[in-house]
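Structural description and commentary
Chain by chain, the residues:
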Amino acid sequence: MTPQETLAELVKIDSVSSRSNAEIVEFLERRCAALNLKTQRFAYRDELGVEKINLVAHSGAELSNDTNIELALVGHTDTVPYDPNWSEALNLTERDGKLYGRGSCDTKGFIAAALSAVENIDLKILNKPLALIFTADEEIGLRGAKHLAQLNPFRVRYSIVGEPTSLQPIRAGKGYSLAEIVVKGREAHSAYPALGASAVFRAARLINHLERIAEQLKSDQHEAFDPPFTTLNVGVIHGGSAKNVLAGECRFTLEWRPIPTQPSERVLHLLNAAIKEEQRADPDFVCEVDANRADSGFETDPESRLIQLLENATGRKSATVAFGTEGAQMQALGSEPVVIGPGDIREAHRTGEFVPVRELESCAEILRHAVRELCG
Ligand SMILES: [Zn+2]
């Protein structure tokens, strides 16, 4: 089958993250079994009790803690939701050399290219184990990959993680961390502010601190990134109940994207120090911090054999990205990861998402070359 035909089959299967991905996993199991790859499921239930499955298809013996996969091709099976009025969402449609459909670019195009690459290789001639890793729930916090990294069921030497990069190799990515902060106050009639304490004024002071912390973080530079430092954002804020009442509570989100050389906790320490300072000035200052996400970044040496190989195969220098990927979880499994795939990240997550046919086909070629070079 051509990558395009495989992609049409994959797009037909609705695999929005809120649903179970069992149907697309069954499809992938059949395709991998036909290639004489062994498959193993790593399933879990999400917080709503829905079954989610990571599927690992591999060329070696049974998987165990002693298994050393030489190269893993990694693609996530889930997609973001689609507008029900978009008639092409589950029906791959070609126009002007572009293939439209939900997931065509993020990341079913890469999965189709990976299957096609492996189909065109005689697996019997491979000396080192190859694996295809299909993950769940990437779009809602990399949960499938995190589950797999936590189980740590085998080791991986090199991994190619599929994400739309227009076929540019990505050798490093920033992490992603999130905290929700609740500042407490005491409600009172606004005509008598001395009778209460405004949570909004308190939150404003703390956010002022955060803006200074954002400045301070600029001094810890990692030149490979744009921007070359950890960034902060207070993206959402809610506080108070009425214009003439001192706010009893103010909540806001703090998001930061740490450079991979800086631990995610660095910003949390700075936040806690800022809170302590507020408490010294205002002993009544009460604030809760729920740090609920700390995804690390990843970084692979530019001299890595995998990076060199992909730079040569694509004719493009490797780069870095400021968004989160499964690269970090693949690094946790022991590998040197690189992120690459057909399609443009700016086209992903939109109605009218597409992947160019030429990029899809050349991705299959590049992956085939990588498997031959690294596992041959
Ligand atoms: Zn993706």
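Scroll up to find the structure this text is about.
These lines cover the structure that appears in this document, whether it is placed above or below.

Calculation criteria
- Residues numbered from 1 in each chain as written.
- Predicted model: local features only at pLDDT ≥ 70, side-chain atom pairs only at ≥ 80, totals over all residues.
- Heavy atoms only, no water.
- Donors = N, O, S within 2.8 Å, 3.2 Å for Na, K, Ca; no water.
- Tetrahedral: all angles 85-135°; square planar, octahedral: opposite > 155°, others 65-115°.
- Helix = DSSP H or I, 4+ residues; strand = E, 2+ residues; numbered from the N terminus.
- Buried < 20%, exposed > 50% of the residue type's maximum accessible area, 1.4 Å probe, protein only.
- Expected span 1.5 Å × (residues − 1).
- Contact = heavy atoms within 4.5 Å.
- Core = buried A, V, L, I, M, F, W, Y, C linked by side-chain atoms within 4.5 Å.

Let us look at the coordination of the zinc ion. Those donors, His-76 (NE2), Asp-106 (OD), Glu-163 (OE) and Glu-163 (OE), are the protein atoms that reach the zinc ion, and they lie 1.8 to 2.5 Å from it. Because the angles between the four donor atoms bound to the zinc ion fall within 52 to 134 degrees, the donor set is best described as irregular. Counting gaps between the donor residues of the zinc ion yields the pattern H-x29-D-x56-E. Pair noted here: His-76 is in strand E3 (residues 68–76) and Glu-163 is in the loop between strand E7 (155–161) and strand E8 (170–173), with a separation of 87 residues, a long-range link. This pair shows no difference in class: His-76 is buried, exactly as Glu-163 is.

Helical periodicity: at 3.6 residues per turn, an α-helix aligns residues three or four positions apart in one direction. Helix length check: helix H3 (residues 108–119), at 12 residues, gives a terminal C-alpha distance of 16 Å against a target of 16 Å (1.5 Å per residue), a fit within 8%. Counting buried positions along H3 gives 11 out of 12 residues, so the element sits mostly inside the fold. For H3, the complete set of buried residues consists of Lys-108, Gly-109, Phe-110, Ile-111, Ala-112, Ala-113, Ala-114, Leu-115, Ser-116, Ala-117 and Val-118. Where H3 is buried, its residues meet helix H1 (3–12), helix H2 (22–34), E3, strand E6 (130–135), E7 and helix H9 (357–375).

Moving on: the nonpolar core. Formed by 53 residues in total, the largest nonpolar core has its most connected members in Leu-28, Leu-71, Leu-73, Leu-132, Ile-160 and Leu-367. The greatest single-element share of this core, amounting to 10 residues, is contributed by H9. Not counting residues up to four positions away in its chain, the partners in contact with Leu-367 are Leu-73, Phe-110, Ala-113, Ala-114, Ala-117 and Ile-160. Among the nonpolar cores identified, the runner-up in size contains 23 residues, and Ala-179, Trp-256, Ile-275 and Phe-285 belong to it.

Purely geometric stuff here, so don't read any function into it on its own.
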